[in-house]
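In case you want the letters, here they are:
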Amino acid sequence: MRILFFGDYSNLHACLARELRQRGHEVTVISDGGRYMDTQHDILLDRAPGKIGAVKYSYHVCSLIPTLKDYDVVQLINPHFLSLRPGKIKYFFDILKRNNRSVFLTLAGNDYYFVKSCLEGNIFKFSEFEVGGEPTEFELKTGHAAAWTGSGMKEFCDYIYSNIDGAMSVLPEYDMAARPHLGDRLAFTNIPIDFSYIENSPLDVSGKINLFIGMRGGMEIQKGTAKMLDMCLRLEKEMPDRCSVTCVRNLPLKEYLREMGKGHIVIDQFYSYSPGTNAFQAMAMGRVAATGAQPEFYEYIGEQDSGAIIPMSPLKTDKEWEEYFRSLILDPSPLPAMAAEGNRIVSVHNNVRTVASRFEAHWKNE
């Protein structure tokens with residue numbers, strides 16, 4: 001098949017592309033390279049800041065879209081697969097739809113229905129936008145949710161949902177929000193991890209326990225990493241002979257993975273229901289992930305909660321989480337078994353070969 005991946009988040013589409021090429025498919029990836037992450041792509045499409053950047057980006061899109069013809073599958077990373085207003089995205093979506101055999105959607109990141117589900121409280125107990133019916137610090141500072149659910153956003157999302165041939169949800173929460181609107185056209189695939197690019201090593205807890213946090217510029221409050229870093233620094237100050245903290249910001253992916261491998265506990269998202277790419281990569285390395293791991297995550301993958309993942313969430317107080325991490329630092333003996341079990345989970349459910357086969361199957365069932 002000729003496959004076009006349009007857009008990428010955290011190397012998701014690029015990871016699938018490598019595997020699918022090995023299976024004999026002709027694959028093209030268009031993305032911004034994850035900006036500082038420097039992820040693999042065939043066509044770079046990024047938008048620089050400012051008016052000049054906007055003009056150049058629009059010109060690039062106008063010249064590029066009409067050339068993207070005769071693909072068997074076009075896989076969009078999100079309804080907002082271009083950094084343009086919905087009306088303009090719709091125009092270019094129609095060209096892609098007309099010039100190619102099928103168009104599929106990867107449910108990753110925000111769209112109208114996901115954010116609406118976060119706000120209504122009948123599906124999720126918490127989100128980066130609300131906890132206990134109250135807006136989070138992130139929402140109070142940015143009004144991000146209001147932008148996603150504002151004028152015209154529902155109509156745009158409905159148009160994309162109605163005109164795609166199918167969709168793939170890479171996390172349970174995306175599936176939970178979109179399933180009522182997409183029904184059987186939606187397949188749950190999970191996030192792909194390419195183990196050939198990740199070095200696994202046993203977790204040695206004989207020395208200091210290293211708490212690792214990777215910061216993404218501008219998302220520290222949104223993902224909760226700012227408050228988690230504060231907690232980690234307090235523990236380091238309290239027990240300098242037992243733990244250390246490593247915090248890195250905006251590193252290219254290859255360098256980031258090297259640094260992450262030096263950690264014992266990789267502290268990821270605070271407001272997520274499921275592990276994301278960062279946490280799954282840590283688990284593939286044989287590190288303990290502190291990230292989203294609500295019961296719904298285990299239900300979707302058909303596993304029991306074995307305690308391998310530290311289930312970060314605002315359902316516990318900051319003080320309770322600090323005490324939990326303190327206890328692990330004082331007695332790190334459970335960590336190697338947790339790491340090994342986490343590695344098993346990601347090996348079974350996230351291996352790129354498994355996930356790529358799910359994508360292939362859904363394309364063929366279209």
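Conventions we followed
Residues numbered from 1 in each chain as written. Predicted model: local features only at pLDDT ≥ 70, side-chain atom pairs only at ≥ 80, totals over all residues. Heavy atoms only, no water. Helix = DSSP H or I, 4+ residues; strand = E, 2+ residues; numbered from the N terminus. Areas by Shrake-Rupley, 256 points an atom, 1.4 Å probe, with all protein chains shown as cover. Lys, Arg positive; Asp, Glu negative; His and termini not counted. Charge placed at Lys NZ, Arg CZ, Asp CG, Glu CD. Core = buried A, V, L, I, M, F, W, Y, C linked by side-chain atoms within 4.5 Å. Buried < 20%, exposed > 50% of the residue type's maximum accessible area, 1.4 Å probe, protein only. Contact = heavy atoms within 4.5 Å. Salt bridge = Lys/Arg side-chain N within 4 Å of Asp/Glu carboxyl O. Phe/Tyr/Trp six-rings, centres within 6.5 Å; stacked < 30°, edge-to-face > 60°. Lys NZ or Arg CZ within 6 Å of the ring centre and 35° of its normal. Polar contact = N/O pair within 3.5 Å; in protein donor to acceptor, adjacent residues only side chain to side chain.

Caption draft 1: Structural context of the overall build of the protein. If you tally the helices and strands in the protein, you get 16 helices and 14 strands. If you line up the protein on its principal axes, its C-alpha atoms span 60 × 45 × 40 Å. About 15,900 Å² of surface is accessible on the protein, with carbon and sulfur atoms providing 51% of the total. The distance from the centre of the 40 positive side-chain charges to the centre of the 46 negative ones in the protein is 5 Å.

Caption draft 2: Examining the nonpolar core more closely. Ranked by internal contacts, the top residues of the largest apolar core, which has 96 residues, are Phe6 and Leu82. The greatest single-element share of this core, amounting to 6 residues, is contributed by helix H12 (residues 277–285). Non-local contacts of Leu82, meaning those with residues more than four positions away in its chain, are made with Phe6, Leu45, Tyr57, Val61, Ile89 and Phe92. Formed by 28 residues, the second largest nonpolar core is a distinct cluster that contains Leu211, Met228, Met239 and Leu328.

Caption draft 3: Examining the pattern of salt bridges more closely. As enumerated under the stated definition, the model contains 21 salt bridges in all. Note that Lys141 and Glu137 form a salt bridge whose closest N and O atoms lie 3.1 Å from each other. Highlighted residues: Lys141 and Glu137, both in helix H5 (residues 137–142), separated by 4 residues, approximately one helical turn. By relative accessible area, Lys141 is classed as exposed at 59%. Classification of Glu137 by relative accessible area gives partly exposed; the value is 45%. Between Glu341 and Arg344 there is a salt bridge, with the nearest N and O atoms lying 3.0 Å from each other. Of the two residues, Glu341 and Arg344 are both situated in helix H15 (residues 335–349); the distance of 3 residues between them amounts to about one turn of the helix. Exposure remark for Glu341: the relative accessible area of 22% places this residue in the partly exposed category. A cluster of three or more residues bridged by salt bridges with shared partners is formed by Arg234, Glu238, Glu322, Glu323 and Arg326.

Caption draft 4: Spatial organisation of the packing of aromatic side chains. Overall, the coordinates contain 19 aromatic pairs when judged by the stated rule. Grouping aromatic residues by their ring pairs yields a cluster made of Phe114, Phe124, Phe126, Tyr174 and Tyr273. Over the ring of Tyr71 we find Arg2, and its NZ or CZ is 4.1 Å from the ring centre. Here the basic side chain of Lys90 rests over the ring of Tyr159, its NZ or CZ set 4.3 Å away from the ring centre.

Caption draft 5: Seen up close, the side chain of Asp268. Structurally, the position occupied by Asp268 is in the loop between strand S12 (265–267) and H12. For the buried Asp268, which has no salt bridge, the nearest side chain bearing the opposite charge is Lys223, at an N-O separation of 7.9 Å. At 3.0 Å, the side chain of Asp268 forms a polar contact with the side chain of Thr291. Residues in contact with Asp268, not counting those within four places in the same chain, are Lys223, Thr225, Met228, Gly276, Asn278, Ala279, Ala290 and Thr291.

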